[in-house]
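# Tertiary structure, described
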Amino acid sequence: MNMKKSIALLESMDMPDPHFPFKMNLTNVDEYGKILFHHHWHQHIEFLYFKSGKAMIECNSKPLEVQAGDLIVVNSNDLHHGLSLSEDLSYYVMICDLALLHSHSADTVETKFMTPIANNEILFQNKISHDPDINTSLHRIIEECKYKTYGFELAVKMQLYNLLTLLIRRYIDRFLSSNDQTTRIKNRERFTPIFRYIDKKYKEPISVTLLADIAGLSRFHFSRLFKEVTGKTVPEYVNMIRLSKSEYLLRNSSMTISEIA
């Protein structure tokens, strides 16, 4: 497999301040059915906090409908993509390089929590709804990043520790062994060219045999792994992409149903 293709879904994260690897932005979307971001994954932990509207965020093949007050936690290496489900969608994107929170010595915090989180041995629940303590912490981060008064970096870092503490106490989803994590990343990389191909060729007939050849797998092995990674068979996944594109065109173009079909 071409190595460049195998890492195409791995999104690099450039931080505006390399000495403070955290960034936040507010995203506003006024179109129903608009793709917020295509399938991708990255090594940083990401928080999507929804201010208004509705959306569908898929994490590791699991679709999650979200609305105002919900938080999506994207663990390191989670394959995810998003779709707007309203015309008044507004959400904050917060991306954190966990290097910001690492200890400089092998203390208990580092060995028991930070290193396992960074290594994906601890995975958090993806969707969290209306937890007042978590919302308070998120709002404080938002305020600090908005006004950037002297010492805001210290305040943000403190709230990130608080946020991780709440996640560890209330929302650990599962623990992964190093072997499980290696397999997880390997499968993400293997299916990178597959998702790219389907996104570009969804209007054309797409065969399982062709996709298996692109992945360098037998048809049987490919079909099994594809279902594990996406939660869908190839026809189900391709139809989902086609329906999403069609719904978007119906709402945001002058094309007729026949033309779209």
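About the cut-offs
Residues numbered from 1 in each chain as written. Predicted model: local features only at pLDDT ≥ 70, side-chain atom pairs only at ≥ 80, totals over all residues. Heavy atoms only, no water. Pairing = 2+ DSSP bridges. Helix = DSSP H or I, 4+ residues; strand = E, 2+ residues; numbered from the N terminus. Axes fitted to C-alpha atoms, helices over the stretch in contact; angles between N-to-C directions. Contact = heavy atoms within 4.5 Å. Polar contact = N/O pair within 3.5 Å; in protein donor to acceptor, adjacent residues only side chain to side chain. Phe/Tyr/Trp six-rings, centres within 6.5 Å; stacked < 30°, edge-to-face > 60°. Salt bridge = Lys/Arg side-chain N within 4 Å of Asp/Glu carboxyl O. Buried < 20%, exposed > 50% of the residue type's maximum accessible area, 1.4 Å probe, protein only.

Strands sit in the order β2-β7-β4-β5 across an open sheet of four strands; the sheet is antiparallel. Taken across any chain shown, the strands that pair with only one partner, and hence form the sheet edges, are β2 (35–40) and β5 (62–67). Strand after strand, the sheet turns through a mean of 20° between neighbouring axes, direction not considered. One ladder, built from six bridges, connects strand β4 (residues 54–59) with β5; its direction is antiparallel. Following the sheet pairing, Ala55 is matched in β5 by Val66.

A few words on the environment of Val93. Assignment of secondary structure puts Val93 in strand β8 (residues 89–96). When the C-alpha positions of Val93 and Phe50 are compared, they lie 8.9 Å apart, and in sequence the two are 43 residues distant. Dropping the residues within four chain positions of it, Val93 is found in contact with Lys23, Met24, Asn25, Thr27, Glu46, Phe47 and Leu48.

The next thing to look at is the sheet that holds strand β3 (residues 45–52). One open sheet holds the five strands; their spatial order is β1-β8-β3-β6-β10, and the pairing between them is antiparallel. In this open sheet, the two strands that pair with only one neighbour each are β1 (22–29) and β10 (127–129). Here the average twist between neighbouring strands, direction ignored, is 20°. Relative to strand β6 (residues 70–74), β3 runs antiparallel, the two being bridged by four bridges.

Secondary-structure assignment places Asp70 in strand β6. Side-chain polar atoms of Asp70 contact the side chain of Ser129, separated by 3.0 Å.

Attention shifts here to the packing of aromatic side chains. The full count for this structure, using the stated rule, is eight aromatic pairs. Among the aromatic residues, ring-to-ring pairing joins Phe191, Phe195, Phe222, Phe226 and Tyr237 into one connected group.

Another aspect to go through is unusual backbone geometry. A positive phi is found at Asn120, a non-glycine position, where the angle reads about 65°. Along the polypeptide, Asn120 turns up in the loop between α2 (108–118) and β9 (122–124).

Let us look at the pattern of salt bridges. In total, this model carries four salt bridges according to the counting rule given. Note that Arg170 and Asp131 form a salt bridge whose closest N and O atoms lie 2.9 Å from each other. A residue pair is termed long-range when its members are at least 10 positions apart, and Arg170 in helix α4 (residues 152–170) and Asp131 in the loop between β10 and α3 (132–147) qualify at 39 residues. On the accessibility criterion, Arg170 (42% relative accessible area) is partly exposed. For Arg170, the salt bridge is made with Asp133, and the minimal N-O distance between the two is 2.7 Å. Here Arg170 is found in helix α4, whereas its partner Asp133 is found in helix α3, with 37 residues between them in sequence.

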